[in-house]
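Results of the structural survey
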Amino acid sequence: MKPKASVNRPPTPDVVENAPEREPTLQELINVKLIETGEKERLMELLRERLVDCGWKDEMKSLCRSVVKKKGRNNVTVDELVHVITPKGRASVPDSIKAELLQRIRTFLVSAAL
């Protein structure tokens, strides 16, 4: 019996036994280095702090409430809410916060010699 496909994510690809190892991408290497050094968690905490300070979090909370109120509490799923809110949330992050995080990442890359 074949397992049901997930509604929220694509099925896991079958593992190929003798697949050749591929080189990790630069993005993957950077991500691993950020995690290993704990810098990713520090950046995430900085982002949370900045988004709260500028009112972004309250704005998103208000937007969520308005969507739920419009559709009805029992007629909206978390997945639908995320689908509606994500593009608006990403677009409304202030440029100053994006620039600060980008600068912190660049500084990290220089210090990590990547």
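The shown structure was predicted, so the numbers you read here are calculated from the model rather than taken from an experiment.

What counts as what
- Residues numbered from 1 in each chain as written.
- Predicted model: local features only at pLDDT ≥ 70, side-chain atom pairs only at ≥ 80, totals over all residues.
- Heavy atoms only, no water.
- Salt bridge = Lys/Arg side-chain N within 4 Å of Asp/Glu carboxyl O.
- Helix = DSSP H or I, 4+ residues; strand = E, 2+ residues; numbered from the N terminus.
- Buried < 20%, exposed > 50% of the residue type's maximum accessible area, 1.4 Å probe, protein only.
- Core = buried A, V, L, I, M, F, W, Y, C linked by side-chain atoms within 4.5 Å.
- Contact = heavy atoms within 4.5 Å.

1. Let's talk about the pattern of salt bridges
Tallying each qualifying case throughout the model produces 7 salt bridges. With its nearest N and O atoms 3.0 Å apart, the salt bridge here joins R42 to E39. Here R42 and its partner E39 are both found in helix α2 (residues 39-53), 3 residues apart, which amounts to about one turn of the helix. Residue classification places E39 among the buried positions, given a relative accessible area of 10%. Between E45 and R48 there is a salt bridge; the shortest N-O distance is 3.0 Å. Here E45 pairs with R48, and both are found in helix α2, just 3 residues apart, close to one helical turn.

2. Some details on the nonpolar core
Core analysis: the largest hydrophobic core is formed by 14 residues, its most contacted members being L34, L51, W56, I85, V93, I97 and L101. At the level of elements, α1 (26-37), α2, α3 (56-71), α4 (78-91) and α5 (95-112) are the ones that each hand at least two residues to this core. Setting aside residues no more than four positions away along its own chain, W56 makes contact with L51, G89, S92 and V93.

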